[in-house]
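Fold and contact review
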Protein chains: 2
Amino acid sequence: MRRWEDISISERLARSASPAVDTVGDLDAFRELMRSSAATMYTNVERVALSALSDWYECTDTGAFRHRSGRFFTIEGVSVDVPSMPIPRWDQPIIRQPEIGILGLLVKEFDGVLHCLVQLKAEPGNCNGIQVSPTVQATRSNYTRVHGGTETPYLDYFRDRARHRVLVDVRQSEQGSWFLSKRNRNMVVEVSGDVEVHDGFGWLTLAQVHDLLGQDDVVNMDTRSVLACLPFGEPAPDERSRHSTGELLGWLTETRASVDISVRRKPIRELNGWHYDGNIVTHEDSRHFDVIGVVVQAHGREVGTWDQPMIAARGTGLTAFLRTTIDGVPHVLVHAKVEPGIFDVAEIAPTVQCAPETYIHLPRQTWPPFLAELLTADASRIRLDVTQSEEGGRFLRTRSRNLIVDVDEPVEHPDYRWVTVSQLAELLRHSHYVNIQTRSLLACLRSLRDSPTAVESIV
Amino acid sequence: MRRWEDISISERLARSASPAVDTVGDLDAFRELMRSSAATMYTNVERVALSALSDWYECTDTGAFRHRSGRFFTIEGVSVDVPSMPIPRWDQPIIRQPEIGILGLLVKEFDGVLHCLVQLKAEPGNCNGIQVSPTVQATRSNYTRVHGGTETPYLDYFRDRARHRVLVDVRQSEQGSWFLSKRNRNMVVEVSGDVEVHDGFGWLTLAQVHDLLGQDDVVNMDTRSVLACLPFGEPAPDERSRHSTGELLGWLTETRASVDISVRRKPIRELNGWHYDGNIVTHEDSRHFDVIGVVVQAHGREVGTWDQPMIAARGTGLTAFLRTTIDGVPHVLVHAKVEPGIFDVAEIAPTVQCAPETYIHLPRQTWPPFLAELLTADASRIRLDVTQSEEGGRFLRTRSRNLIVDVDEPVEHPDYRWVTVSQLAELLRHSHYVNIQTRSLLACLRSLRDSPTAVESIV
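Scoring rules and cut-offs
Residues numbered from 1 in each chain as written. Chains lettered and ligands numbered in written order. Predicted model: local features only at pLDDT ≥ 70, side-chain atom pairs only at ≥ 80, totals over all residues. Heavy atoms only, no water. Helix = DSSP H or I, 4+ residues; strand = E, 2+ residues; numbered from the N terminus. Rg over C-alpha atoms; globule rule 2.2 N^0.38 Å. Buried < 20%, exposed > 50% of the residue type's maximum accessible area, 1.4 Å probe, protein only. Phe/Tyr/Trp six-rings, centres within 6.5 Å; stacked < 30°, edge-to-face > 60°. Lys NZ or Arg CZ within 6 Å of the ring centre and 35° of its normal. Contact = heavy atoms within 4.5 Å. Buried area = accessible area lost by both parts, 1.4 Å probe. Salt bridge = Lys/Arg side-chain N within 4 Å of Asp/Glu carboxyl O. Polar contact = N/O pair within 3.5 Å; in protein donor to acceptor, adjacent residues only side chain to side chain. Nonpolar A, V, L, I, M, F, W, Y, C, P; charged D, E, K, R; others polar. Axes fitted to C-alpha atoms, helices over the stretch in contact; angles between N-to-C directions. Parallel < 35°, antiparallel > 145°, perpendicular 65-115°, else oblique. Least-squares fit on C-alpha atoms with pLDDT ≥ 70 in both. Left-handed = near helix turned anticlockwise from the far one by under 90°. Domains from an automatic or database assignment. Pairing = 2+ DSSP bridges. Lys, Arg positive; Asp, Glu negative; His and termini not counted.

When helices and strands are tallied, chain A shows 11 helices and 25 strands. Relative to the globule expectation of 23 Å for 459 residues, the C-alpha radius of gyration of chain A, 22 Å, shows essentially globular dimensions. Considering only C-alpha atoms, chain A reaches an extent of 60 × 50 × 40 Å along its principal axes. For chain A, the residues scored as buried account for 60% of the 459 residues in total.

Our next topic: the packing of aromatic side chains. The final tally for this structure, using the stated rule, is 19 aromatic pairs over all chains. An angle of 45 degrees between the planes, with centres 4.8 Å apart, marks the rings of A:Trp56 and A:Phe73 as tilted. On the criterion of sequence distance, the pair formed by A:Trp56 in strand 2 (residues 56–58) and A:Phe73 in the loop between strand 3 (65–67) and strand 4 (74–81) is long-range, its members being 17 residues apart. Here A:Trp56 and A:Phe73 have matching classes, each one buried. Seen from their ring centres, A:Trp178 and A:Phe395 are 4.7 Å apart, and the 45 degrees between their planes marks the pair as tilted. Note that A:Trp178 is positioned in the loop between strand 10 (165–173) and strand 11 (179–180) and A:Phe395 in the loop between strand 23 (382–389) and strand 24 (399–406), a separation of 217 residues in sequence. Each member of the pair A:Trp178 and A:Phe395 is classed as buried. Across from the ring centre of A:Phe343, 3.9 Å away, lies the NZ or CZ of A:Arg183, which sits over that ring. The ring of B:Phe110 has B:Lys108 sitting right over it, with the charged end atom 5.1 Å from the ring centre.

This next bit is on the interface of chain A and chain B. Taken together, the contacts link 28 residues of chain A with 28 residues of chain B. Summed over both partners, the interface of chain A with chain B comes to about 2,300 Å²; 41% of that surface belongs to carbon and sulfur atoms. Where chain A meets chain B, there are six salt bridges. Put simply, chain A and chain B have nine residue pairs in polar contact (both at pLDDT 80 or more) between them. Among the elements that line the side of chain A that touches chain B, the one with the most residues is helix 7 (residues 245–258) of chain A, at 11 residues. Classifying every residue of the side of chain A that touches chain B gives seven nonpolar, eight polar and 13 charged.

On to the environment of A:Ser380, then. Residue and element names in this part refer to chain A. Along the polypeptide, Ser380 turns up in the loop between helix 8 (371–375) and strand 23. On a C-alpha basis, the gap between Ser380 and Val405 in space is 9.0 Å, while along the polypeptide they are 25 residues apart. Within polar-contact distance, the side chain of Ser380 engages the side chain of Asp378 at 2.6 Å.

The tally for this structure, following the rule as stated, stands at 52 salt bridges over all chains. The residue A:Arg35 makes a salt bridge to A:Glu32 at a minimum N-O spacing of 3.2 Å. Taken as a pair, A:Arg35 and A:Glu32 lie in helix 2 (residues 27–37) at a separation of three residues, close to a single helical turn. A salt bridge links B:Arg287 to B:Asp285, with the shortest nitrogen-to-oxygen separation between them at 4.0 Å. The class for B:Arg287 is partly exposed, based on a relative accessible area of 31%. Classification of B:Asp285 by relative accessible area gives partly exposed; the value is 46%. One connected set of salt bridges, linked through shared partners, spans A:Arg161, A:Asp169, A:Arg185 and B:Glu254.

Residue and element names in this part refer to chain A. Between helix 6 (residues 221–228) and helix 10 (residues 436–446), the least distance of the axes is 8 Å, while the angle of their chain directions is 75 degrees. As summarised for this structure, helix 6 and helix 10 are arranged roughly perpendicular, according to the angle between their axes. Along the contact surface, helix 6 presents Met221, Arg224, Ser225, Leu227 and Ala228, while helix 10 presents Ile436, Arg439, Ser440, Leu442, Ala443 and Arg446. Of the residues contributing to the contact of helix 6 with helix 10, the split by class is six nonpolar, two polar and three charged.

Of the transformation placing chain A onto chain B, the axial shift is 0.0 Å and the rotation is 180 degrees, giving an RMSD of 0.0 Å. What the rotation and shift describe, once combined, is the action of a two-fold rotation axis. For chain A, the residue whose C-alpha comes nearest the rotation axis is A:His430, separated from it by 4.4 Å.

Residues and elements named next belong to chain B. Two elements in contact, helix 2 (residues 27–37) and helix 5 (residues 206–213), have axes whose closest approach is 11 Å; the angle formed by their N-to-C orientations is 55 degrees. On the basis of the axis angle, helix 2 is oblique to helix 5. Considering only the axes of helix 2 and helix 5, their crossing is right-handed. Across the interface between the two elements, Leu27, Phe30 and Arg31 from helix 2 touch Gln208, Asp211 and Leu212 from helix 5.

Time to look at the domain arrangement of chain A. All names here are of chain A. The domain boundaries assigned to chain A delineate domain 1 (10–43 + 99–229) and domain 2 (238–261 + 315–447). Relative to domain 2, the C-alpha centre of domain 1 lies at a distance of 24 Å. Contact residues are listed per partner, giving 37 residues for domain 1 and 36 residues for domain 2. Summed over both sides, the interface between domain 1 and domain 2 buries roughly 3,200 Å², with carbon and sulfur atoms accounting for 51% of that surface. A per-residue breakdown of the area domain 1 buries against domain 2 is headed by Ser173, Arg224 and Ala228, which together make up 18% of the total. Inspection of the domain 1/domain 2 interface yields one salt bridge. The closest approach of N and O atoms between Asp217 and Arg399, which form a salt bridge, is 2.5 Å. The interface formed by domain 1 and domain 2 holds 22 residue pairs in polar contact (both at pLDDT 80 or more) in total.

Take the side chain of B:Ser400 next. Residues and elements named next belong to chain B. Along the chain, Ser400 falls in strand 24 (residues 399–406). With a relative accessible area of 9%, Ser400 lands in the buried category. Looking at Ser400, its side chain comes within polar contact range of the side chain of Glu390, at 3.0 Å. With residues up to four places along the chain from it excluded, the contact list for Ser400 reads Thr316, Gly317, Leu318, Thr319, Val386, Thr387, Gln388 and Glu390.

Moving on, we get to the pairing of strand 13 (residues 201–204) of chain A. All names here are of chain A. Because side chains alternate across strand 13, one face comprises the buried residues Phe201 and Trp203, and the other comprises Gly202 and Leu204, equally buried. Taken together, the four bridges between strand 7 (residues 113–122) and strand 13 define a ladder with antiparallel strand orientation. Residue Val118 lies in a different strand from strand 13, and its bridge partner there is Gly202.

All names here are of chain A. By the secondary structure assignment, Glu391 is in the loop between strand 23 and strand 24. Of the buried charged residues, Glu391 lacks a salt bridge, with Arg394 as the closest side chain of opposite charge at 4.9 Å. Residue contacts for Glu391: discarding those within four places in its chain leaves Glu123, Gln137, Met221 and Asp222.

What follows is the structure, encoded as structure tokens:
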């Protein structure tokens, strides 16, 4: 009956990641479905002044932008103090959304092969209309239906843990420089019974999802986050890793215990270095991001029309790993990054996570470590170079280049550590260790043909 | 040179926990040292009205008690809302001490046996003067020397992780009903070189510390907390445990994601159900605890005289495990307990953690689950029954009965889980999973002759 217990989860994931197995549907057909769906499922986005939003207002008490219902999210100003950092103090707007939503992926075996039920979803911020999202992508406001829309399909599978096999259930943070303590519950639930496939949903193997990850802006951020949390069977940690997992945990404890960070709210109009003219909120040097207003008309989605503020980043971000092989085991270089919105001071970040346009005109000695190596890497060293979108419900056409560059020698830096993919997987069983940028890169890394996942998956 | 790498840490801990090995000092001599030290190392504690404290004042802005330096800690009022709980709303005073201090235990091998450097320390709240504390017990205020005392001995061993072998380095929370987000960095550091033994310090094996844990009020709370974090080599998790560790993590995620808790500050004089007359803060039903003022004269300690507020609990607490054997492996029954001061909504708590005097006069159906079974257990079932003190720097003569009761069958309750000691040990590699009451019980449990630790330790 419960045949899934015959084989371990990691083996079943590896099989699903193998291009050789039978699939429920053809990937070309899925791509055609994405194209054809674009005719019925799309959003029209019109930019308007923040002060012209009808459902949102600038709260006189707090100086923040709030929804008239008091729900969804707010955009607030904060003043950040981190005395031990190179930039010890700054002000910025930030999205506050303390509710914990669900990013849920439903999986099911067909002919012995796990498939994921993905959803085609048009979000107003997407640069290309439709992207592939998890089965369920629900804020609390969504699933308590504050906006009066229809019930989120498949949500019940994730509401009652006892009814199905839960493969992943862990809260993970989102961008710590854009969100204040934003966390989502990343869940993967396996079902055995029949599942009705609604319009705009489809079953894909992990190999098929991995193929889609090789294309720009197809697999959305929420999906990448959930995929990263899957318990793939990469080689066991600690045996041939540069540092033991205990050492990595101690390194994080050291950072988290020694850095003082204070984040205080401040009215948006009083933020140093930022300007709000009733239209948009901008940085005085035209850097970082803008807060803008949009009116959205959605077709083929739960609700027809609404307006909202969004974040629009200036330029494309860079999210990159240096990778090397140590004692025969691939390692990537990570950093314990302190960000104001992070739930617990610092999380593991990629080798580089920045907006290159902030630095490109400055002398190289002011650049973040390893940025120059990554931007000037020889093409033969580049293993992955794909641009992925940030979450299209909050971010307007905001994208990051995901880059993986191989190096021969494990360069050392006191604030960085070489870790194995299996160590990241081990840490991802827990909340708040591995940041969203690292999760996105990890999902992409596993899609490479030379990743341990793919090597193992040739069954 | 670094001979400690020849044998795994867990084996070396097990050896140190064996009564059969050679020890640097005799335990009777150590007990005699405790008695004789009491003549020179003691505190005189005089109760005074809170309004009569000279170094502390009631802040007019916040209605909290603060030190005139603005440091150490504050005692604040909070209003707690947890809509999904049986008691959905209450007010209470709470200690706010957001700085992360260090609880550090120095260990060193003598003749192949690990010894811990413990400290005899007289704290004003101790019911019996001197207790055994870790090598270093330092708040940030301590080690930045706000109080103008002398430098904390041995602190440098814990300041620079790179110089020594770090066996434990993890932040753990303290009592979530008394402290708001209080966390200490629990550290165990192994040294190989010579260590000068200052007056009032001594080397003990784990077996000797375990002997002391069998006595009331000898091993202080901070020591019990650090001991619980030691990576003992209990049998590996998941193989014969009732639930996989992944299932336990999912269970915690479920609780943490689904419970809404809000903790808002409120002036102490405005707390519902509490009364402050300028002398002490008391609950209107004389329950829970009082906030009192004391003047302390210390001898043999860093600073001569000071005054401070303290918490004095009403009655002795109960902290208890039900224990049983499932498939040949001992399991204890735990609970995911929501408390207002906890850093992340809920942590793993023992089977029962309460003040029995709150319930004893009420009908049994209103008692917390399993309290009746524990209080009425047959003597032949009681494996541990020892009263341990809470931290004597903040709590006046506040104690908890630590109880372990064996049962034949694993009784089930939807909100409780049977876990193995090795699963608790695995979770204790991480912060904020296992609460202080569970850590205290775990340290005591490992001191029992029938614990897996002791069984393995007969080398």
